[in-house]
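Understanding the architecture of this molecule
Read off the chains here:
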Amino acid sequence: MKAMILAAGKGTRLQPITLALPKALVPVDNIPALEWTIQRLKYLGVTSVILNTHYLADQIKQYLKNRPADGLKIETSHEEEILGTGGGLLKTLDFWDDSPFFLHNADIFCNADLKQAYQYHLQAQNLATLCVQERETQTRLLVDESGFLCGIHYYKKDLRVQTRPPEGKVYEAGFSGIHVISPSIFPVMTESGSFSIIDTYLRLSHMKYPVRCFNTGSCYWKDIGTIQKLEEFRQDWITHPEWFACYHP
């Protein structure tokens, strides 16, 4: 099993920490967030990882070079210009084999059952599976009773876009930044340059491709993209270690 970790962002909302440190290397319990994500994926059965890099990429490469050997193969895909989630993934085309893989943001912590998400992806024969949760966020995905992605609701713009007729009732959910993707998506990715893979998913949804969502329920989820959220998360990590057992298998 393979995975990609998105680690190219500048982390501007985490300044001043990220003035001298890439967001992926921001420490949690004295260990970089990136390392926690790597270990989480390794324990899921991932054997090869690729990271996209851009901002302060040399620090990430040096960190990976100094990691103790643990049998995990790790490569980097450097972006001279940030390519977004979609463009960054497309740049790594030659890395993948025929098996579905994880795509995981470097700045999130989530204790959802990702093995179950992977099995759901296989059983449903999805092109892509997006881990979602019913929570308040500025952008929410529209999901029907069969799990199909049916559109998106941009709350700041007061814009709700439906991409396919729903099967039954529709609910709105926040995307968790974790995907399971089948390599068969690459031939139907017509976008190029810098782009969000969410735009690809919405286009493919409109074309009736099997892009579904996996509802992770009431699991813990936090992005550490701002100073406030980082401090909230660090406090959670200290006061509720049982929530993060999946990071210490």
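Keep in mind that what you see is a predicted model, and the values were worked out from it rather than measured.

1. Points about the packing of aromatic side chains
Applying the stated criterion to the full structure yields 17 aromatic pairs. Clustering of aromatic rings is evident, with ring pairs tying together Trp36, Phe109, Tyr220, Phe233, Trp237, Trp243, Phe244 and Tyr247. It is Lys157 that lies over the ring of Tyr154; its NZ or CZ is 4.9 Å from the centre. One Lys or Arg, Arg164, reaches over the ring of Phe148 and ends 4.1 Å from the middle of that ring.

2. Regarding the pairing of strand β4 (residues 48-53)
Counting buried positions over the 6 residues of β4 gives 6, a clear majority of the element. Alternating positions in β4 separate into two faces, Ser48, Ile50 and Asn52 on one and Val49, Leu51 and Thr53 on the other, with burial throughout. As paired elements, strand β1 (residues 2-6) and β4 share 5 bridges and run parallel to each other. When the sheet's bridge partners are listed, Lys2 is paired in β4 with Ser48.

3. Section: helix α1 (residues 33-43)
A large share of α1 lies buried, amounting to 9 of its 11 residues. What α1 keeps buried is the set Ala33, Leu34, Glu35, Trp36, Thr37, Ile38, Gln39, Arg40 and Leu41. Looking one or two residues past α1, Gly45 carries a phi angle of roughly 110°, positive in sign.

4. Points about the pairing of strand β11 (residues 159-162)
Pairing analysis gives 4 bridges linking strand β10 (residues 149-154) to β11, with the strands arranged antiparallel. Each residue of the ladder has a partner; that of His153, found in β11, is Arg160. The loop that links β10 with its antiparallel partner β11 comprises 4 residues; one of these, Asp158, has a positive phi angle of about 55°.

5. Some points on the layout of surface pockets
What the largest pocket holds in volume is close to 1200 Å³. Lining the largest pocket are 38 residues, with Arg13, Thr85, Asn105, Asp107 and Phe175 sitting closest to its centre. Going through the elements one at a time, α3 (84-90), β9 (139-144), β12 (170-181), α5 (197-206) and β14 (221-223) are the ones with two or more residues in the lining of the largest pocket. Counting residues per element, the lining of the largest pocket draws most heavily on β12, at 5 residues. Per-class residue counts for the lining of the largest pocket are 14 nonpolar, 16 polar and 8 charged.

Scoring rules and cut-offs
Just so you know, the residues in each chain are numbered from 1, in the order the chain's sequence is written. Residue-level local features of this predicted model are given only where pLDDT is at least 70; pairs of side-chain atoms are given and counted only at 80 or more, and the full residue set underlies all totals for whole chains, interfaces and linings. Note that water and hydrogens are dropped before the side-chain values are worked out from all heavy atoms of the structure. In this scheme Phe, Tyr and Trp rings, the latter by its six-membered ring, pair at centre separations within 6.5 Å, and the angle between planes marks the pair as stacked below 30 degrees, edge-to-face above 60, and tilted otherwise. In this scheme, Lys NZ or Arg CZ marks a charge over a ring once it lies within 6 Å of the ring centre and within 35 degrees of the ring normal. The buried label applies to any residue whose accessible area, calculated with a 1.4 Å probe on protein chains only, is under 20% of its type's maximum; exposed applies above 50%, and partly exposed to all values in between. Each helix corresponds to a stretch of at least 4 residues labelled H or I by DSSP, and each strand to a stretch of at least 2 residues labelled E; elements are numbered beginning at the N terminus. Pairing between strands is defined by DSSP: at least two bridges between them are needed. In this analysis, the protein atoms alone were mapped onto a 1 Å grid. Cavities are point sets where a 1.4 Å probe fits without being able to get out; pockets are open sets with protein on both sides within 12 Å along at least five of seven lines; lining residues have an atom within 4 Å of a point. Grid points are joined across faces, edges and corners, and a volume is the space filled by probe spheres set on the points. Classification used: nonpolar for Ala, Val, Leu, Ile, Met, Phe, Trp, Tyr, Cys and Pro, charged for Asp, Glu, Lys and Arg, polar for all others including Gly.

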